[in-house]
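Close look at the chain arrangement
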Amino acid sequence: MTWRSPLALVRDALRGQRAREKDLRNLASNLPYEGLEKAKQPNCYFPGNAIKTTKYTLLLFIPMNLFEQFHRLANIYFVGLAILNFVPVVSAFEPGVALIPICVILSLTALKDALEDFRRYQSDRKLNNTPCFIYSRKEQQFIKRHWKDVRVGDFVKVVCNEIVPADLLLLHTSDPNGVCHIETSNLDGETNLKQRKMMSGVCMSDPEFEPESFNSAVVCEKPNNNLNYFKCYVEKPNKEKVGAGIESLLLRGCTVRNTDHAVGFVVYAGNETKAMLNNKGPRYKRSKLERKLNTDVIFCVILLFTMCLIGALGHFLWLQALPGVPPYLVPDGNGHLDSPSLSGFYMFFTMIILLQILIPISLYVSIELVRIGQIFFITNDIDLHDEGTDSRVQCKALNIMEDLGQIEYIFSDKTGTLTENKMVFRRCSIMGTEYAHKENAIRLAVLDVPVSEEEVILNQQPRPPRIGWSLDTEDSNPEDKWHHHDNRRKSKVTGNAQSDAAFSSLLEAEVIPDRKLLQQICRAESSSSSRNIDPYLDFFLGLAICNTVVVSMATARRQRVSGFSRSDQASNPLDTFSSLVKKSGSLQHIFPSWQHKPKKNRTISEDSVEEEDHVKPPVKIEGSGNTNKLHTCLLHAPSDNKSAMTPDNLSYEAESPDEAALVYAAKAYGFTLLARTPDSVTVRLPSGEDLVFEVLDTLTFDYNRKRMSVLVRHPITKEYVLYTKGADHTIMELLGTPYAEHLSGKQKNIAANTQHHLDCYAKEGLRTLCFTKKVVSDKAYESWSVNRQRALAAIDNREELVMDTAVQLETDLSLLGATGIEDRLQESVPETIMALREAGIQVWVLTGDKTETAVNIGYACRLLEEEDLVINMSCANKFACTSMLDCTLEEVRRYSEDPRNVDTTQNISLVIDGRTLTMALSSDLQKRFVDLAKRCRTVLCCRVTPLQKSKVVTVVREQLNVMTLAVGDGANDVSMIQAADVGIGISGQEGMQAVMASDFAISRFKHLKKLLLVHGHWCYTRLANMLIYFFYKNVAYVNLLFWHQFLCGFSGSAMIDYWLMIFFNLFFTSVPPIMFGIMDKDVSAEMLLGVPELYRTGQGAGEYTFTTFWVSMLDAFYQSLVCFFIPYLAYRDSDIDVFTFGTPLNTISFFTILLHLSIEIKAWTVVHWVVMLGSVALYFIVTLAYSAICVTCNPPSNPYWILQRQMADPMFYLLCIITTVVALLPRYMFHVLRNSIAPSPLVKARHLDRLDPSTRDQCMKEWRSFRGIAQVRPSRLSTPPSPTLETTVDIHHHSSATSDIMWDEHHH
Amino acid sequence: MMASSYNAKDEDGHITVSGPGGGTLRSKKPENTAFKQQRLPAWQPILTAGTVLPAFFIIGLLFIPIGIGLFVTSNNIKEFEVDYTGVDMSSPCFNCSQNFSWNSTRPCTCTIPFYLDQPYESNVYVYYGLSNFYQNHRRYVKSRDDSQLNGDVNSLMSPSKECEPYAFHENKPIAPCGAIANSMFNDTLELFYNDPNGTRIPIPLNTTGIAWWTDKHVKFGNPGGNPNLTAAFQGTTKPVNWRRPVYELDADPGNNGFINEDFIVWMRTAALPTFRKLYRIINKKSSMVPTLPRGNYTLEVVYNYPVRSFEGRKRVILSTISWMGGKNPFLGIAYITVGSVCFFLGVVLLIVHHKCGNRNNSADISN
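Residues numbered from 1 in each chain as written. Chains lettered and ligands numbered in written order. Predicted model: local features only at pLDDT ≥ 70, side-chain atom pairs only at ≥ 80, totals over all residues. Heavy atoms only, no water.

1. What about the UniProt feature "transmembrane region" (unreviewed entry) in chain B?
Rule in force here: UniProt positions are given in the numbering used here, feature names are shortened, and annotations may be inferred rather than shown by experiment. Helix and strand definitions follow DSSP, with helices as H or I runs of at least four residues and strands as E runs of at least two, each counted in order from the N terminus.
The UniProt record annotates "transmembrane region" (unreviewed entry) at residues 46-72 and 330-352 of chain B. When the span residues 330-352 of chain B is considered, its composition is 100% helix and 0% strand, and the gap between its end C-alpha atoms is 32 Å.

So this is what it looks like as structure tokens:
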């Protein structure tokens, strides 16, 4: 090391600081400087790639950790007390001894922090030592180094399936198109492949990239945490600037896929990478219980001060009353006695020290321990484990478990949350003609049926698809049948496991073409193949092109699941299926049913559609795939081997599952998407011809436009064609000139027909999309293109400008058709919703979907009931909205006040659309809306934006002051999840953003049921009871000392050895409440699931209320009185000494406190017994040992041989017995009388729990049905309201544009 | 908590950092054990009238006899108490109590006659009782040096700070130091039996056996191995209020110095402001003659101890003891009361059970 002047060091530091703070960074290649000392390097100011996420360093651990810990108010309080003990005039105990509790607490916490930090250190080290390839000039090649050696300005090579070590500007890839595929699942959980393209024009994409030839400067922005945005340009030596964005950046943490290798220039390293900047610590939320707890701690403080004041005043009065100077008043060192008032003043502080345990020092530590235990049990629940994705429930927020037991409102997303978000193409409408895809529907039904868990229901009413199935298994015994189910399920599960890697599962990939449509296409192909203006062909081209699906080759598949090859997915789905079946070893079971399928199909077509008699069996086990058959149908020879790509080994990866479904649908009709690069799309037509479309621009999807477009140049016609797809209501407004001149008359008709079909789809619960096409003239394109470039290059509000240009282009669209995609309900959703509702939780659904779709799903998942009164709110302006709210509210009020409805639950449901919601949530209408919503059982909000979702949650949460839970799976639910008290993310198909933002992550909606009803209830009751007990325990114990003050002249003396007092709290009585908080089980899980109503006990104030707190406080006072004064009376006027008197008190108090807990414990397992008996044993062993060893230690208490003597005295035992009995009698009696005379539902449930399972189930059913009837009955008895308002049977909007007031009621 | 999101995944073994082969396929399925699934077999008691009925009756039936036993035992204990504070003009000790100070050199003696109306058969314990004396005052309790009392030579010469201001007197360490020792009870009590024929027979009072064995033999000890106590306590001075140094408390070397039993008894500070302390034991001579026959007695008090500064009272108590200690009817009464209450509650619960019990048993939920 060369010596450098401190001045130079400071200068360098400042320079480095400046370089880092600059808005734009100038980076240069490190290679020319290789081997030079660090200060001479151009990029030396930027941090290296070694990361350090540890909070502490070895040397500074203690001060830093202490500093952290003293942010907690309680710790400061206790340290203050300990310091107070060092003031001689007020000290109640040995000063050193007073430090022990706080030291134990602090060191325990420090130990925990240290362990956590050590784990972080280990993972850092592991990460930093991960190997990677860095270019070295000396070696003239990439050499193997470690992640920590990577520096800004280096060239790094990443090979396939490797993780990118730092943020790299992509300069070279092995791909001829200059594309590199990455998977960002490590960052955002999205498992689909994303394309990154290398910077064009900077480096020649020679077969071998020469890093040394790179002599340009890279100028990039300051590091920021936006994963989707990056701005930089490369300045070549000739001053030419080439811009680059996020599309050329490989982010640290991504995995390179499907690309042999890629070389990048390091722009950000280590802690400056986007991944690291995005890495926030765990979120800190405070649960409702904890907030309440804090107010109670304040009550305790007030109580403490009152008691201290009493002590101070008492001491003053006591001193005043003394006639002289008694020998027991000890003057200070100088023989001087303080005046009574001054002594009283000092006594106040002495009392604080003496009674400090009233504020439970160990409470916070105990709560954390309890939470760790609760998390352990939640994450280990086998019922919350999803077989398909092999994921457990994750608790991301560590301190709001108990909130799960108090939820009153659930806000749920629909897609992906209630539904699978596995999109299946169902039907389409082209040019106003509907194609029903019946065969496809049948196939889906077959696939679906055996998987569902409701075998019972299915057995009762076999659906048509099961006919063949049941015929087949007629002769086999029922066990065999079950076997079939099992195997089917297994194979489905493996399918799911695969779909973990990509969205397209077997179900979605396979589409059986509609016959009529096939013929139509044949016709179109033959007639106008040259010009390609046929709307049918355009429709499917749109399907294939208008998306952002990435095509990946099965050969370069990702290596995620080792067991199964994903190539199968893309190939003929049936082969896949059978191969899967083979793999799971169930061929012999599964085959018969498949062979019988044709027969079954025929049966169906016979009794359903006559004309489809001659439908070919669409499914075969062996033979070529659908596409091939299609080709034969079209009389075209299948044109294979034109390129290496064959349709069979393609797999599609889409950001949203609808897109993949549509591409698969197009493929089924022969329009195969073969490749997609940023600049081109290759589509194989049914004729076998491969068309390469030049992609000029992609107007990506956003939630405001609700559509996306792709602008391509048609390779044959050379026209600029814009394909747009989007939600029907946005598209319908943009329709302009007719599609083609000769169709002009029909255009209006087509739109109307299509709209009709769309409405039908929506009613069926399908997701609808409209497809349009627009031919852009050359001139228009050029002028638009200029605008677009300008917008893209803009620096200020770029996003807005880009969106504006998109809107500019998307006008005058001509409608091609519409698609209906099915998104099935997840398993057990209706049951879950029913259960949640019985649990007193209002379930709201907030969805971006159409009203009709949402309502339909609402019925399907029993959110809406047939008997319900459904209020449909949709209005165009605020005035209408206001009056409507008022009317409805009035109506609903009258309905609920109707004497006939008094004892009923309201069965009113509200359906509201996004636009109306915006008005209803405006500040002046908010109250009325919430008031109305409060009276509704269900609210469905349709077509809402993410922002509205969070607004709804916030408004309800704040206006009604209720506990809210939001559950969602997509990025659009993030704001809602964050707004709610408890956010739950479903790790589903749409990436992980929701999970990242959530407090808990589950994999299926149905898990919510157990999570809330069982774990929520348990966590809440456990913690609430533990807290109450904790307060009780401290008060009961400390009050012994307080009562003693009345007999010792309020002198602040203690009759219990201080060490024993510490042990008492720290060891003897600390474990039982913690175990109680972790393991107590008031009602069994089966019972809680069976009778969701039990959940209501936790809602609102729950068990931990103001009264319970004070009742237990009073009980504590009573018990301490008994524990003190019975021994007092027994030992009055005897020769007992201070600490001998304290020993039975301590023991009695110990037993009272433990037995009090055992009254509260609801279920005694082995652990309970061990802990309780262990505590008793510990108490006696420690105390006996202590009093045997301590001869002169710990003055003045000197416990030597005291307990031994006491235990030899029968009085001790007699006293212990009677005092404990008297102390606990009232509580015991209270419990007994309450449980006998007015048992709470929980007690009833516990009674049922003790019955044998079959009787219990019977009783549970009775209980539920009793409630059920109570809920249903009223709507039949009472007359439905609303005579004043117009009633329409039709649920649909006539037209959303014209409806000012629409208010529908439904009696299904 | 975790280094970063992908770190977290890394740890779970889901991403292998380099090379093909994929992650290790370790199922995250939780173990299906009774403990982890919270299905441990459990005893689930429900406190209802029906289930706890027996407990109440058992408690009632157990407590009442115990109470009666305790009460009878307590009643059989004979106890006699004389207050000799002398606040009353009529009291023989009135004079002594008036002209008094800690340092008065002239001892004041008073004689109190009393009559025992029943003979005391077994060993009789002689207590002195003080009331309103707060031996449990925080600073008083602390004002001692246990290691000094244990015989530690260092502590003897430099008493602990806790003893302040009774640690040094005229620059000499006080032995024993502290306020407790300083305020030691120093009345002398003597008991005479007035024979019906007029003679005053002194009753022999046993000075040993009144302290805890462990105190005398373990906790307290004279400094050094020096049998000559005067030499052992060389260089120390007596507590200010004492008349004699500590090594002159008793003639018997086994009961002198720090192991003097009167001293040890005093050092065990009383728990409550009204207390008694064992002073002497009158041992039973033979099974034939009662320890204290019925008749007239005289108590002779050398009145040294001042109690007027705190309105205290001084008493002498003669008591026999039983297995449960001194006379205290409270525990017996308490047991009887609690037993009866429990019995009564048992009956109440029986009624409750009769009225509400059936409803619960049939698990009727539709209240």
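Read on, since the account is not over.
2. Things to note about the interface of chain A and chain B
Note the threshold: Residues count as neighbours in contact if any of their non-hydrogen atoms are within 4.5 Å of one another. Accessible area that two parts lose when put together, evaluated with a 1.4 Å probe and summed over both, is termed the buried area. What makes a salt bridge here is a side-chain nitrogen of Lys or Arg within 4 Å of a carboxyl oxygen of Asp or Glu, nothing more. A 3.5 Å cut-off defines polar contacts: any pair of N or O atoms within that distance qualifies, except that in protein one atom must be a possible hydrogen donor and the other a possible acceptor, and neighbouring residues in sequence count only when both atoms are side-chain atoms.
The interface of chain A with chain B comprises 132 residues on the first partner and 107 residues on the second. Both sides of the chain A and chain B interface together cover about 10,600 Å² of buried area, and 63% of this is carbon and sulfur. Considering only the side of chain A, the residues that lose the most area to chain B are P327(A), Y328(A) and D1133(A), jointly responsible for 7% of the buried surface there. Summed over the shared surface of chain A and chain B, the number is 4 salt bridges. Note that K29(B) and E387(A) form a salt bridge whose closest N and O atoms lie 2.8 Å from each other. Across the chain A-chain B interface, the total number found is 29 residue pairs in polar contact (both at pLDDT 80 or more). Considering every element that reaches the side of chain A that touches chain B, the biggest residue donor is helix α42 (residues 1210-1237) of chain A, with 17 residues.

3. Quick look at a positive patch on the surface
Residue and element names in this part refer to chain A. Short version of the rule: Here, patches come from residues exposed beyond 30% relative accessible area and free of salt bridges, joined within 9 Å for like charges and within 5 Å for nonpolar side chains (Val, Leu, Ile, Met, Phe, Trp, Tyr). Computed with the Shrake-Rupley method and a 1.4 Å probe, the accessible areas treat only the protein chains shown as cover for residues. The charged-residue count follows a simple rule in which Lys and Arg add positive charge and Asp and Glu add negative charge, with His and chain termini not counted at all. Where a charge lies is defined by one atom per residue type: Lys uses NZ, Arg uses CZ, Asp uses CG and Glu uses CD. Type-normalised accessible area, obtained with a 1.4 Å probe on protein chains alone, sets the label of each residue: buried when under 20%, exposed when over 50%, and partly exposed for intermediate values.
Together, R11, R15, R18 and K22 give the surface a local cluster of positive charge. Examined against the element boundaries, R15 turns out to sit in helix α1 (residues 6-21). Look at R15 and you get partly exposed, because its relative accessible area is 37%.

4. A few points about the pattern of salt bridges
In this structure the tally under the stated criterion is 46 salt bridges over all chains. For R943(A), the salt bridge goes to D728(A), with nearest N and O atoms at 3.5 Å. Taken together, the positions of R943(A) in the loop between β30 (938-942) and α31 (946-960) and D728(A) in helix α22 (residues 728-734) put the pair 215 residues apart, joining distant regions of the chain. You'll find R943(A) and D728(A) in the same group, each marked buried. Between E865(A) and R862(A) there is a salt bridge, with its nearest N and O atoms 3.5 Å apart. Residue classification places E865(A) among the buried residues on the basis of a relative accessible area of 14%. One network of salt bridges, in which partners are shared, links D1133(A), E79(B), E81(B), R276(B) and R315(B).

5. Observations concerning the pairing of strand β15 (residues 409-413) of chain A
Residue and element names in this part refer to chain A. Counted only if it meets this: A pair of strands is labelled paired if DSSP reports no fewer than 2 bridges between them.
Buried residues dominate β15, accounting for 5 of its 5 residues. The two faces of β15 match: Y409, F411 and D413 on one face and I410 and S412 on the other face are all buried. Looking at chain direction, β15 and strand β27 (residues 842-846) are connected through 5 bridges and run parallel. By the bridge assignment, Y409 is partnered in β27 with Q842. Summarising the sheet, β15 and strand β31 (residues 964-968) pair through 4 bridges and their orientation is parallel. Following the sheet pairing, S412 is matched in β31 by V967.

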